[in-house]
Amino acid sequence: MAVTVFFTASAQKKGKVNSEKQYAMKAAENKYDELTTLSDKIWSYEEIAFQEKQSAEALIAYAEANGFKVTKGVAEIPTAFVAEYGSGQPIIGIMGEFDALPGLSQKTVPQKDPLNKGGAGHGCGHNLFGTASLGAATIIKELIADGKLKGTIRYYGTPAEEKFFGKLWMVRAGLFDDVDVMMDWHPSSETKANVQSSLALVDFMVEFYGQAAHASGDPWNGRSASDALELYTTGINYYREHIKPTVRIHYHIQDGGQVVNVVPDYSRIWTRVRDTKREGMEAVWKHVERIAEGAAIMADVDYKIKLISGVHEVLPNRTGGAALQANLEYLGEIAYTEEEVAFGKNIQKETGKPQIGMDTKINPMEETLEHPMGGSTDVGDVSWVVPTVRLSATVAPKDTPWHSWAVVACGGMSIGHKGMIYATKALSMTIIDFFQNEKLRAGIKEEFKERKGEYTYKGILPDGPPPLEGVKFD
C-alpha cells in the first residue's frame, strides 16, 4: 500500500532522511500483507504465558524464511528464541512479545462479543508487538545483506510477559550481555518515544496450613487456614493507609476452602507488590510478608511463602529516545478512515469514554518523571543489563481500557494493523541510526551508565527452571 494510506501528507514534507531510511519505510509498506497475516495468526492462536507454541513457531518460520539463524528453546523456555543475522559490532537487539491474556477472547467488533467464550485474547496487543519487531529486524537484515549496514541484528522472541516474566530467565542466561543497544516497543493508545520508567514488582504466594474439623460439631478442634487468609488480607488493607502513593498491592485468593461445613485446613493467596522504585517495593514486600506471619500466629496455623518472580522498574534512556523522536516527527501521524474512526468511537462509547476517536498527535518528547505510575514489565530487567530505547505506537482509540476486549478487537483489524506497520517503520529507522551513528551509541551507553550508577543487577526470581507448568506447591 502507498504511504499516504497510513500517514498524513504533511509527514512527507518534514526534513530529509537518508536512503537506508527511505528503504525501510518502503519495505515496511511492501510487507504490510505478510506482516498482517503473521499478526492475525498470532491473534487467532490466543496462547497464554509459556503456552505460545504456535505463535513462536509462526515467528520462527518467518525469521528462518527471511534468512535469520534461529536458536530455539533458549533459557530453558521452549517458546523463547533468538533470531540473528550479520556479524561483528555493533550488535543491536530488538524484543518481541507474543503471549495473550486469559478470558479476553473477542471478535473484531466494537462491542464486547467473545470469539471463543472463556478463551484468551491479545488484550495487550502482543500479536502486533512481536510481529512489528520482527518486521523491523527483517528490514535491517536486508540492509546488512545488501552491504548498506555493518554489524549484527538480533531479534529476541520473549514469551510469558503477562504472568511469569519470561525475560527474567533470558537475562539470567546471559542472552543480552553482549548487546550494544536494545530496541523495544509496546502497543498503546498514543504514539510517542517512551522515556518513562515503570513500576518494580514482586509476585509471591502465601499458603496457610491449619487443622480440619466439623464447622458445627467440633470447631474447637479446628484451626482455620481461611481465618488466617482473611486476617492477612485485613492486615494488608489496613496497611494501605501507611504506604506511599506510589505503592500498589494486589492479591488473588486462589483457595479459601472447599465447603462451608468444614473448617478449612488449607488456603492460598497470590500477592503482588509494586512501587516506582525497586528499593521502595522491597521494603513493602518484606512488611507484607511479616503480615502473613502475624496472620498465621493469630489463627494458630502454619504458613509458607513462595517467591514466584519479580521485575525491576525500567531504566529510561532519553538519548536514544531523542533519536526515535526525530523519526516519529518525520513519519508524522497515522491517518484513519471514517470507518476506523467510527469503530474507535463505538469502542469509546461501549467503555464509557468520551467519543473522540483516535489520538493521532506526535507530541514533543516528555520530561522523564521521577515517579511515573502505570504498569510493570520485564523489559525493566533487560534495561538494567543493556541500554534500552522504547516506543509506544497507537493501535487503539484514546483512553481505551488496556487488558480488555477493546484492545483485542482493534488488534485483529485495520486500526491495529496500521499501528503495527507504523511501529515497524519507526523501529527500523531508529535502529538504522544506532548502526550508523557511533557517537549516538556512545551517548546512549553513557546515559545508561549514569542512570545505573553503582547498582549491580540481580534478578528477582527463584532458583531453578522457569515455571512452565505453573507454580507448583508442596
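Here the structure is shown first, and the text comes after it.
Residues numbered from 1 in each chain as written. Predicted model: local features only at pLDDT ≥ 70, side-chain atom pairs only at ≥ 80, totals over all residues. Heavy atoms only, no water.

1. So, the overall build of the chain
Helix and strand counts for the chain come out as 14 helices and 13 strands. The C-alpha atoms of the chain give 24 Å as radius of gyration, which agrees with the globular expectation for 474 residues (23 Å, within 12%). Each of the three principal axes of the chain carries a C-alpha extent, and together these read 80 × 50 × 40 Å. Within the chain, the fraction of its 474 residues that count as buried is 58%. A fraction of 82% describes how many contacts in the chain between residues 6 or more apart in sequence connect residues 24 or more apart. Counting every atom, the chain has about 19,300 Å² of accessible surface; 50% of that belongs to carbon and sulfur. Within the chain, one finds 51 positive and 62 negative side-chain charges whose respective centroids are separated by 4 Å. (Helix = DSSP H or I, 4+ residues; strand = E, 2+ residues; numbered from the N terminus. Rg over C-alpha atoms; globule rule 2.2 N^0.38 Å. Buried < 20%, exposed > 50% of the residue type's maximum accessible area, 1.4 Å probe, protein only. Contact = heavy atoms within 4.5 Å. Areas by Shrake-Rupley, 256 points an atom, 1.4 Å probe, with all protein chains shown as cover. Lys, Arg positive; Asp, Glu negative; His and termini not counted. Charge placed at Lys NZ, Arg CZ, Asp CG, Glu CD.)

2. So, helix α14 (residues 438-452)
Over its 15 residues, α14 extends 21 Å from the first C-alpha to the last, a length consistent with the 21 Å expected when each residue adds 1.5 Å. Residues of α14 that are buried include every one of Leu440, Arg441, Ile444, Glu447 and Phe448, and no others. Projection of α14 onto a plane perpendicular to its axis shows the buried side chains occupying an angular sector of 130°, all on one side. Of the residues in α14, the exposed ones pointing more than 90 degrees away from the buried face are Glu438, Lys439, Lys449 and Glu450. Structurally, the start of α14 carries an N-cap: the backbone nitrogen of Lys439 is 3.1 Å from a side-chain oxygen of Asn437. Of the residues trailing α14, Gly453 is marked for its positive phi of about 65°. (Expected span 1.5 Å × (residues − 1). Arc of directions from axis to C-beta. Polar contact = N/O pair within 3.5 Å; in protein donor to acceptor, adjacent residues only side chain to side chain.)

3. Brief notes about the packing of helix α9 (residues 318-331) against α14
Look at α9 against α14: their axes get within 7 Å of each other, and the N-to-C directions meet at 140°. Taken as axis vectors, α9 and α14 run oblique relative to one another. Contacts from Arg318, Thr319, Gly320 and Ala323 in α9 reach Leu440, Gly443, Ile444, Glu447 and Arg451 in α14. When the residues that make up the contact of α9 with α14 are grouped by side-chain class, the tally is three nonpolar, three polar and three charged. (Axes fitted to C-alpha atoms, helices over the stretch in contact; angles between N-to-C directions. Parallel < 35°, antiparallel > 145°, perpendicular 65-115°, else oblique. Nonpolar A, V, L, I, M, F, W, Y, C, P; charged D, E, K, R; others polar.)

4. Here's the deal with the packing of aromatic side chains
Taken as a whole and assessed by the stated rule, the structure comprises ten aromatic pairs. Note on Phe81 and Tyr155: the rings are 5.8 Å apart at their centroids and 35° apart in plane angle, and the pair reads as tilted. Residue Phe81 is located in strand β2 (residues 81-86), and its partner Tyr155 is located in strand β4 (residues 152-157); the two are separated by 74 residues in the primary sequence. Accessibility classification places Phe81 together with Tyr155 in one group, the buried group. Among the aromatic residues, ring-to-ring pairing joins Phe50, Phe164, Trp169 and Trp270 into one connected group. One Lys or Arg, Lys141, reaches over the ring of Tyr85 and ends 5.3 Å from the middle of that ring. Here the guanidinium or amino end of Arg278 rests over the ring plane of Tyr455, the centre of that ring lying 3.8 Å away. (Phe/Tyr/Trp six-rings, centres within 6.5 Å; stacked < 30°, edge-to-face > 60°. Lys NZ or Arg CZ within 6 Å of the ring centre and 35° of its normal.)

5. Structural notes on the nonpolar core
Counting residues in each nonpolar core, the largest one holds 73 residues, and the members touching the most others are Ile140, Ile153, Trp185 and Leu391. Counting residues in hydrophobic clusters, the runner-up holds 34 residues, among them Ala75, Ile91, Trp270 and Ile308. (Core = buried A, V, L, I, M, F, W, Y, C linked by side-chain atoms within 4.5 Å.)

6. Examining the sheet that holds strand β5 (residues 181-188)
Spatially, seven strands are ordered β1-β2-β4-β3-β5-β13-β6 in an open sheet, and the strand pairing comes out mixed. Looking at the sheet topology across the chains shown, the edges are occupied by β1 (69-72) and β6 (192-194). For this sheet, the mean angle separating the axes of adjacent strands, direction not counted, is 25°. Packed on one face of the sheet, helix α4 (residues 53-65) meets β1, β2 and β4 and runs near 155° to β1. (Pairing = 2+ DSSP bridges.)

7. A short note on the pairing of strand β11 (residues 266-275)
Judged by how many residues are buried, β11 sits mostly within the fold: ten of ten residues are covered. Of the two faces of β11, the one lined by Tyr266, Arg268, Trp270, Arg272 and Arg274 and the one lined by Ser267, Ile269, Thr271, Val273 and Asp275 are each fully buried. In the sheet, strand β7 (residues 200-209) pairs with β11 via ten bridges, with the strands oriented antiparallel. What sits directly across from Met205, in β11, is Trp270.

8. A few points about the environment of Gly67
Secondary-structure assignment places Gly67 in the loop between α4 and β1. Judged by relative accessible area, Gly67 falls into the partly exposed class, the value being 37%. As for Gly67 and Ile334, which are separated by 267 residues in sequence, their C-alpha atoms are 31 Å apart. Other than its neighbours up to four places away in sequence, Gly67 contacts Tyr85 and Lys141.

9. Here we look at the side chain of Glu207
Relative to the helices and strands, Glu207 resides in strand β7. Buried charged residue Glu207 carries no salt bridge. Nearest counter-charge: Arg268, at 5.2 Å. In this structure the side chain of Glu207 is engaged in a polar contact, spanning 3.2 Å, whose partner is the side chain of Tyr209. There is a polar contact of 2.5 Å between the side chain of Glu207 and the side chain of Tyr266. (Salt bridge = Lys/Arg side-chain N within 4 Å of Asp/Glu carboxyl O.)

10. Focus on helix α13 (residues 414-436)
Its 23 residues place the ends of α13 33 Å apart at the C-alpha level, agreeing with the 33 Å of an ideal helix rising 1.5 Å per residue. Extensive coverage of α13 is indicated by the burial of 21 of its 23 residues.

11. Looking at the environment of Ile253
Locating Ile253 in the fold gives a position in strand β9 (residues 248-255). For the pair Ile253 and Tyr232, spaced 21 residues apart in sequence, the C-alpha to C-alpha distance is 11 Å. Those residues in contact with Ile253 that sit more than four places away from it in its chain are Leu229, Arg268 and Ile269.

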